[in-house]
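Structural features, examined
Each chain is listed here by its residues.
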Amino acid sequence: MIKAVRGTRDLLPPDTALWNFVERKVREVFARYNYQEIRTPVFESTELFSRGVGEETDIVSKEMFTWEDKARAASEKTQSLTLRPENTAGVVRAYIEHELGRSGLLQKLYYIGPQFRRERPQKGRYRQFFQIGAEVIGPQTAGSELPMRDAEALDMLTSLMDAVGLKGWTLYLNSVGCQECRPRYNQALREALAGVKDKLCSDCQRRAETNPLRVLDCKVPEDQDIINALPKIAEYLDEGCRTHFAEVCAILDTLGVPYQVNPRMVRGLDYYTRTTFEFTHGELGAQSAMLGGGRYDGLSEQIGGPKAPGIGFAIGEDRLVLALQAQQTEAAEPLPAFVMPLGKGTNRHAMKLARELRSAGIAVDVSDESFRLKKSFETAEKLGAKYAVIVGENEVAADAFNVKDLKSGEQKTIARAELAAFLAG
Ligand code: HAM
């Protein structure tokens with residue numbers, strides 16, 4: 001048997017109803033904040049990610065699906081391509097390529113789509129997973145650097161959580177500084193680690209040399225006391241970064257958005273500057289990060305574009321759906337009606353009635369005249385239909401149909417002209 005590849009999965013009904021529900025709410029809520037959809041390709045030049053996300057990150061150094069795409073014509077070059085592991089770099093590439101900054105307006109863009117990372121699969125962690133992301137990017141003159149943009153993105157996320165009815169999330173917030181102040185913090189961390197790193201786990205000993213910030217991400221219980229005593233980034237932020245972060249917090253306080261400052265939260269992508277954040281959810285176990293994001297004021301320049309500060313986030317849709325399932329959110333709608341032709345030659349009358357009902361906006365499915373009534377009723381029950389509508393010769397002649405409420409068993413005869421309104425009500 002040929003099976004789905006390890007780390008990928010099929011999303012099947014009825015679960016897909018919950019995915020559709022989430023995506024519907026995303027489109028509704030994001031539209032209220034004036035975001036518009038962008039769709040970028042699922043593969044890009046490898047260079048986009050190595051320059052944008054960062055050569056040293058886990059994502060680029062070991063998790064990308066990359067291949068050499070051979071030239072097929074003299075006009076083509078062999079090039080290295082990669083299935084997108086994330087979509088911020090792609091959106092910023094599109095912003096630069098299409099000169100979206102020329103309008104002078106902020107670009108408020110969102111996307112829903114698959115991403116690919118070669119991670120070790122487990123619950124909540126897949127090699128093909130879905131992200132719902134948003135990016136706000138634009139020239140500085142459009143206010144793209146302002147703390148209110150960070151707060152607005154977080155405000156929108158909490159509105160989305162309310163709209164889908166998810167409870168029990170926590171928003172962790174931090175500032176990772178900028179190109180000016182972060183090197184000073186890195187240096188302080190390196191120095192502090194030099195004295196204690198022999199007592200830390202082997203991963204941390206390596207990170208202390210290569211990328212000291214990642215030590216803060218360590219989950220090994222024995223290491224925690226030592227890590228908690230290391231210097232905090234907040235003490236090293238320069239004046240600009242400190243006031244920016246204070247303003248983000250002040251706006252969130254005014255809006256009543258609850259958050260916790262977590263000085264140890266460092267994100268796994270190199271483009272972040274200033275504000276970073278994650279929402280976690282208790283039901284997700286080891287993969288507790290339901291979404292993550294932050295500011296990337298230098299990313300556009302890093303990949304060859306103009307100065308274009310930005311802020312954004314990506315929700316792990318697989319994880320959001322898992323959290324909703326854990327609290328038993330149901331999204332599957334019952335089928336309003338099952339139309340049952342009864343007797344030879346009635347299929348086409350049933351099809352005609354089904355077509356009328358569907359045009360009136362009612363979802364219906366149709367049985368077959370060869371089914372006995374008993375089999376049609378059993379099918380209606382399996383489909384979870386609310387009503388059975390019987391289309392026999394007598395009904396066709398009278399232009400009125402026998403309608404049975406499958407829960408109460410109550411039956412009524414309803415004229416064709418009134419049927420759609422009855423089923424809708
Ligand atoms: P990220 O933290 O790498 O950020 O991913 C965002 C979210 O995607 C995670 O919090 C998680 O829920 C989900 N996710 C990541 N990897 C997997 C996986 N293997 N399986 C299932 N879910 C996963 C980014 O990707 C940034 N582009 C976010 C961003 C947008 N920052 C600014 N703008």
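Computed from a predicted model, the values in this text were never measured in an experiment. (Residues numbered from 1 in each chain as written. Predicted model: local features only at pLDDT ≥ 70, side-chain atom pairs only at ≥ 80, totals over all residues. Heavy atoms only, no water.)

Details of the domain arrangement of the protein chain
If you check the domain split of the protein chain, you get domain 1 (15-181 + 237-326) and domain 2 (335-424). One C-alpha centre belongs to domain 1, the other to domain 2; they are set 48 Å apart. (Domains from an automatic or database assignment.)

Some remarks on the side chain of Asp238
Turning to its location among the elements, Asp238 is positioned in the loop between helix H8 (224-228) and helix H9 (239-255). Of the side chains with opposite charge, Arg184 comes closest to the buried, unpaired Asp238, at an N-O distance of 4.9 Å. Only 3.0 Å separates the side chain of Asp238 from the backbone nitrogen of Cys241, close enough to count as a polar contact. Aside from chain neighbours lying at most four places away, what touches Asp238 is Cys178, Glu180, Cys181 and Arg184. (Helix = DSSP H or I, 4+ residues; strand = E, 2+ residues; numbered from the N terminus. Buried < 20%, exposed > 50% of the residue type's maximum accessible area, 1.4 Å probe, protein only. Lys, Arg positive; Asp, Glu negative; His and termini not counted. Salt bridge = Lys/Arg side-chain N within 4 Å of Asp/Glu carboxyl O. Polar contact = N/O pair within 3.5 Å; in protein donor to acceptor, adjacent residues only side chain to side chain. Contact = heavy atoms within 4.5 Å.)

Digging into the packing of aromatic side chains
According to the stated counting rule, one finds ten aromatic pairs in the structure shown. Aromatic pair Trp19 and Phe130: ring centres 5.6 Å apart, planes at 75°, arrangement edge-to-face. Separated by 111 residues along the polypeptide, Trp19 in helix H1 (residues 15-32) and Phe130 in strand E6 (residues 128-137) bring together distant segments of the chain. A relative accessible area of 21% means that Phe130 is categorised as partly exposed. With a centroid separation of 4.9 Å and an interplanar angle of 65°, the aromatic rings of Tyr271 and Tyr272 are classed as edge-to-face. (Phe/Tyr/Trp six-rings, centres within 6.5 Å; stacked < 30°, edge-to-face > 60°.)

Section: the pattern of salt bridges
Counted by the stated rule, this structure contains 25 salt bridges. Measuring nitrogen to oxygen at the nearest pair gives 2.7 Å for the salt bridge that ties Arg27 to Glu37. Note that Arg27 is positioned in helix H1 and Glu37 in strand E1 (residues 36-37), a separation of ten residues in sequence. Since its relative accessible area comes to 33%, Arg27 is described here as partly exposed. Through salt bridges with shared partners, a single ionic network connects Lys352, Glu356, Asp399 and Arg416.

Concerning a nonpolar patch on the surface
On the surface, Val42, Phe43 and Trp67 cluster together into a nonpolar patch covering about 240 Å² of accessible area. Inspection of the secondary structure assignment puts Trp67 in strand E3 (residues 66-69). Exposure remark for Trp67: the relative accessible area of 31% places this residue in the partly exposed category. (Patch = residues over 30% accessible without salt bridge, like charges linked within 9 Å, V, L, I, M, F, W, Y side chains within 5 Å. Areas by Shrake-Rupley, 256 points an atom, 1.4 Å probe, with all protein chains shown as cover.)

Brief notes about the nonpolar core
Judged by nonpolar contacts, the single largest core of 50 residues is most densely connected at Phe30, Tyr35, Leu166, Phe277, Phe279, Met290 and Phe313. It is helix H5 (residues 147-164) that contributes the most residues to this core, eight residues altogether. Discounting chain neighbours no more than four positions away, the residues touching Phe30 are Tyr35, Tyr110, Ile132, Gly133, Ala134, Met156, Leu160 and Phe313. Counting residues in each nonpolar core, the second largest holds 19 residues, with Cys201, Leu230, Ile233 and Cys241 among its members. (Core = buried A, V, L, I, M, F, W, Y, C linked by side-chain atoms within 4.5 Å.)

Looking at the side chain of His244
Checked against the element boundaries, His244 lands in helix H9. Ignoring sequence-local partners within four residues, the contact set of His244 consists of Glu145, Leu146, Pro147, Asp150, Arg274, Thr275 and Arg295.

Focus on the site of the ligand
Around the ligand sit 26 residues in total, of which Glu86, Glu119, Tyr126, Glu135 and Tyr272 are the nearest. Taking Glu86, its side chain carries an N or O atom lying 2.6 Å from a nitrogen atom of the ligand. For the ligand, a nitrogen atom lies 2.9 Å from a polar atom in the side chain of Glu135. Considering the ligand on its own, with 660 Å² of exposed area, one finds that the protein chains cover 96% of that surface. (Near = heavy atom within 4 Å.)

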